[in-house]
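Here is how the chains run, residue by residue.
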Amino acid sequence: MNDVTNVEVFSPESLVSAVQVLAEAGAEARILAGGTDLMVALEKGLWRPQGFVLDISRLSAELRYIKVEEDEVRIGALTSFADIVTSPLLAVEAASLVAAAREIGAQQIQNRATIGGNIMNASPAGDSMPALLALDARVVLTSNEGPRTLPLFSFFPAYRETVAKPSELLTEVRITRRKRVTQDYFRKVAPRSAQAISKVILAARAWDMDASSEGSRLGSVRIGVGSVAPTPLRLFETERVLEGKVLTPSLMAAASRTLETEISPIDDIRSTAEYRRLVCCRLLEEFLANLLLES
Ligand SMILES: Cc1cc2nc3c(=O)[nH]c(=O)nc-3n(C[C@H](O)[C@H](O)[C@H](O)COP(=O)(O)OP(=O)(O)OC[C@H]3O[C@@H](n4cnc5c(N)ncnc54)[C@H](O)[C@@H]3O)c2cc1C
C-alpha cells in the first residue's frame, strides 16, 4: 500500500466549489467518486497520490439523479450502478444500460461504483460504455467556465485516455430517447457472470423498423463494442451497412465482415484476438436474429 499520510483530501459540498478547486489545482488534483477503481490502483501501487484528492461523493444532491425529459434521459455522474439497475425509468428507456449495470462487479460494487467513474476510468473493457454508445450518449463536462457537451464516441482518443481537461468534472450523461425501439441489446462475454472482466461486449439498438413486401426493413441502428479495440468503440461502418436495408442472411454476413474490419482485438491473459473476433461477429448475428423474431 502507498503512503497516503501526506495527501490532502478536500470534500466540497457544492459543484461550484468543486470546479473552483479544480481550476486552481488542475492536474495536481485527483478526483475520487466511489473509489472502486482508484482504491484498487492505490493498493496495486498504480496510483501514487500526490498533492490532494478531490472527493466528490458529497455532491450527491447535485450529481446523483435519473431524470427524463422530452428528448433525452439525464443521468448524474454520481449515479451508482445500483441506482441504474433499480430504475423503472431506465428499464423502459435504456434496457441495455440496465443490463450492463447488472453485470458490473457484484452488488457491493454496484452500490458504490458510479457511472461517471466508469466512463472516466476509460477502460476498453468497461461495461457501461458499449451500452451508452448504442444509446447515442453524450457527456457533460463542467469546469468553472461552465459546461460543454460532447458525444461519447469522440470521448476516448486513445487507450485509457479521455479528452476531459484536468479542470473539468464529468457531471452528466445524456441518452437520446427514441420512439419505436425494436431492441436494446447488451451481451457481455466473460468467464463468470459476476466479478469478471469482459472478453467481448456488444450492445446495440434498433429503431424505426418496418415490414416491407421483401421482409423486415431496418431503420436506424447503433452498435457499441468493448474489449475488442484500444478504446470503447462505436461501429459506424457496420451501422451503415445495415441501416435502411431488408434483413436477409446475406446482409447479416456483410455486416459481420464489416464488423471484422472495424475492430482490432488483441491476445492477452483473458482471451485471444481470434476468439474475440469470432464472438463479436456471433453477438452481432444474435442481435440481428433477435430483430427478425421481434419485428
Ligand atoms: C471487485 C471489482 C469488480 C469490478 N467489476 C467491474 C465490472 O464488472 N465492469 C466494469 O466496467 N467495471 C468494474 N469494476 C471497476 C469499477 O467498479 C468501475 O469502473 C466503476 O464504475 C468506477 O466508478 P467509481 O465511482 O468507483 O470511480 P473512482 O474509482 O472513484 O474513479 C475512477 C476514475 O475516474 C475518475 N473520476 C471519477 N468520477 C469522476 C468525475 N465525475 N469526473 C471526472 N473524473 C472522475 C477518477 O479520478 C478515477 O480516475 C470493478 C471494480 C472492482 C474493485
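Our subject is the structure that appears above.
Note that the structure is a prediction, hence the values are computed from the model and not measured.

Draft legend 1. Spotlight on the sheet that holds strand β5 (residues 72-76). If you trace the 5 strands from one edge of the open sheet to the other, you get β4-β5-β8-β6-β7, paired in antiparallel fashion. The open sheet has two free edges, formed respectively by β4 (66-68) and β7 (146-151), since each of these has just one partner strand. Direction aside, neighbouring strands of the sheet carry axes that sit 25° apart on average. The sheet contact formed by β5 and strand β8 (residues 169-176) spans 5 bridges and is antiparallel. The residue of β8 that forms the bridge with Ile75 is Val173. Strand contacts of helix α1 (residues 15-25): β6 (138-143) and β8, with the helix running at about 120° to β8, the strand carrying the most contacts.

Draft legend 2. Representation of the packing of aromatic side chains within the structure. Counting across every chain of the model gives 3 aromatic pairs. Ring centres 5.3 Å apart and planes at 80° place the aromatic pair Phe155 and Phe156 in the edge-to-face group. Judged by its relative accessible area of 0%, Phe155 falls in the buried class. Here the guanidinium or amino end of Lys67 rests over the ring plane of Tyr65, the centre of that ring lying 4.3 Å away. Residue placement shows Lys199 over the ring face of Tyr275; its charged tip is 5.5 Å from the ring centre.

Draft legend 3. Quick peek at the site of the ligand. Ile31, Gly34, Thr36, Asp37 and Thr114 are the nearest of the 30 residues found near the ligand. One nitrogen or oxygen atom from the side chain of Asp37 is found 2.5 Å from an oxygen atom belonging to the ligand. Between a nitrogen atom of the ligand and a main-chain N or O atom of Leu170, the distance comes to 2.9 Å. For the ligand, whose free accessible area comes to 990 Å², the fraction covered by protein is 87%. Broken down by secondary-structure element, the contributors of at least two residues to the shell around the ligand are β2 (29-32), α2 (38-43), α8 (115-121) and β8. Counting residues per element, the shell around the ligand draws most heavily on α8, which supplies 4 residues.

Thresholds applied
- Residues numbered from 1 in each chain as written.
- Predicted model: local features only at pLDDT ≥ 70, side-chain atom pairs only at ≥ 80, totals over all residues.
- Heavy atoms only, no water.
- Pairing = 2+ DSSP bridges.
- Helix = DSSP H or I, 4+ residues; strand = E, 2+ residues; numbered from the N terminus.
- Axes fitted to C-alpha atoms, helices over the stretch in contact; angles between N-to-C directions.
- Contact = heavy atoms within 4.5 Å.
- Phe/Tyr/Trp six-rings, centres within 6.5 Å; stacked < 30°, edge-to-face > 60°.
- Buried < 20%, exposed > 50% of the residue type's maximum accessible area, 1.4 Å probe, protein only.
- Lys NZ or Arg CZ within 6 Å of the ring centre and 35° of its normal.
- Near = heavy atom within 4 Å.
- Polar contact = N/O pair within 3.5 Å; in protein donor to acceptor, adjacent residues only side chain to side chain.
- Areas by Shrake-Rupley, 256 points an atom, 1.4 Å probe, with all protein chains shown as cover.

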